Amino acid sequence: MTTERRQPALNADERTMLEGWLDYHRRTLAWKCEDLSDAQLRTAAVEPSELSLMGLVRHMAEVERSWFRRVLVGDDAGPIYYSDEDRDGEFHLTDADTWEEAYATWQGEIEIARRHAADFGLDDPSMGKSRFSDEPFTLRWIYTHMIEEYARHNGHADLIRERIDGVTGE
């Protein structure tokens, strides 16, 4: 698998720019996972942390699902990997968990996110509301938050990947 990462447009309207940066960060995480074995994708960053590249991908599948399904369109989509008993379940890998499943689930959630977002303008309110203010979010806010979420976790992915095989890069 070779992940194609295109720089977002330098001169574009706001929506194109936001979607471009979000896709760029999605592809960056995929790129950080490229050409690694299942065992390497499960490698934890630094003990006692359980943070791994596969765990990050599973986490981002949950994040995509939460913001674009539950919040944006009010879909009652339950969790994929976590539960009330294990709130960080996406990071707790078992021998049964595979990269193929994690990657396919993440990509599936990204496609659903794109379909849902296409039905909203940047200023349209979400169906779900903030648990702090009881106000809806705008798609613009969700895009901005998702870019921040990916950027933060891509920093983690940089360090994990360097620890695994010394590969560095933007």
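Only a predicted model underlies this, so the values are computations on that prediction, with no experimental measurement involved.

Draft legend 1. Summary view of unusual backbone geometry. Here the residue pair Glu47 and Pro48 is connected by a cis peptide bond, since its omega of 10° sits within 30 degrees of zero. Along the chain, Pro48 turns up in the loop between helix H2 (38-42) and helix H3 (53-73). With a phi angle near 65°, Asp35 is a residue other than glycine that sits in the positive phi range. Residue position: Asp35 is located in the loop between helix H1 (14-33) and H2.

Draft legend 2. How the structure looks around helix H5 (residues 139-165). With 27 residues, H5 extends 38 Å between its outermost C-alpha atoms, agreeing within 8% with the 39 Å of an ideal straight helix rising 1.5 Å per residue. Of the residues trailing H5, Gly166 is marked for its positive phi of about 80°.

Draft legend 3. Main features of the packing of H1 against H3. Running from N to C, H1 and H3 cross one another at 155°; their axes reach a closest spacing of 10 Å. The orientation of H1 relative to H3 falls into the category roughly antiparallel. Two packed elements cross with a definite hand, and for H1 against H3 that hand is left-handed. For the pair H1 and H3, the contacting residues are Leu22, Arg26, Leu29, Lys32 and Cys33 in the first and Leu53, Leu56, Val57, Met60, Glu64 and Phe68 in the second. In terms of residue class, the contact of H1 with H3 is made up of 8 nonpolar, no polar and 3 charged.

Draft legend 4. Molecular detail of H3. Compared with the 30 Å implied by 1.5 Å per residue over 21 residues, the 29 Å span of H3 between its first and last C-alpha is a close match. Of all 21 residues that make up H3, 19 are buried, and the element is covered over most of its length. Downstream of H3 by one or two residues, Gly74 has phi in the positive range, about 70°.

Draft legend 5. Layout of the side chain of Thr105. Assignment of secondary structure puts Thr105 in helix H4 (residues 99-118). Since its relative accessible area comes to 19%, Thr105 is described here as buried. Ignoring sequence-local partners within four residues, the contact set of Thr105 consists of Ala61, Ile80 and Tyr81.

Draft legend 6. Here's a closer look at the nonpolar core. Counting residues in hydrophobic clusters, the biggest one holds 40 residues, and the most contacted among them are Leu53, Phe68, Trp106 and Met146. Counting residues per element, this core draws most heavily on H3, at 11 residues. Look past the residues within four positions of Phe68 in its chain and what remains in contact with it is Leu22, Arg26, Val73, Ala113, His116, Ala117, Leu139, Ile142, Tyr143 and Met146.

Parameters at a glance
Residues numbered from 1 in each chain as written. Predicted model: local features only at pLDDT ≥ 70, side-chain atom pairs only at ≥ 80, totals over all residues. Heavy atoms only, no water. Helix = DSSP H or I, 4+ residues; strand = E, 2+ residues; numbered from the N terminus. Expected span 1.5 Å × (residues − 1). Axes fitted to C-alpha atoms, helices over the stretch in contact; angles between N-to-C directions. Parallel < 35°, antiparallel > 145°, perpendicular 65-115°, else oblique. Left-handed = near helix turned anticlockwise from the far one by under 90°. Contact = heavy atoms within 4.5 Å. Nonpolar A, V, L, I, M, F, W, Y, C, P; charged D, E, K, R; others polar. Buried < 20%, exposed > 50% of the residue type's maximum accessible area, 1.4 Å probe, protein only. Core = buried A, V, L, I, M, F, W, Y, C linked by side-chain atoms within 4.5 Å.

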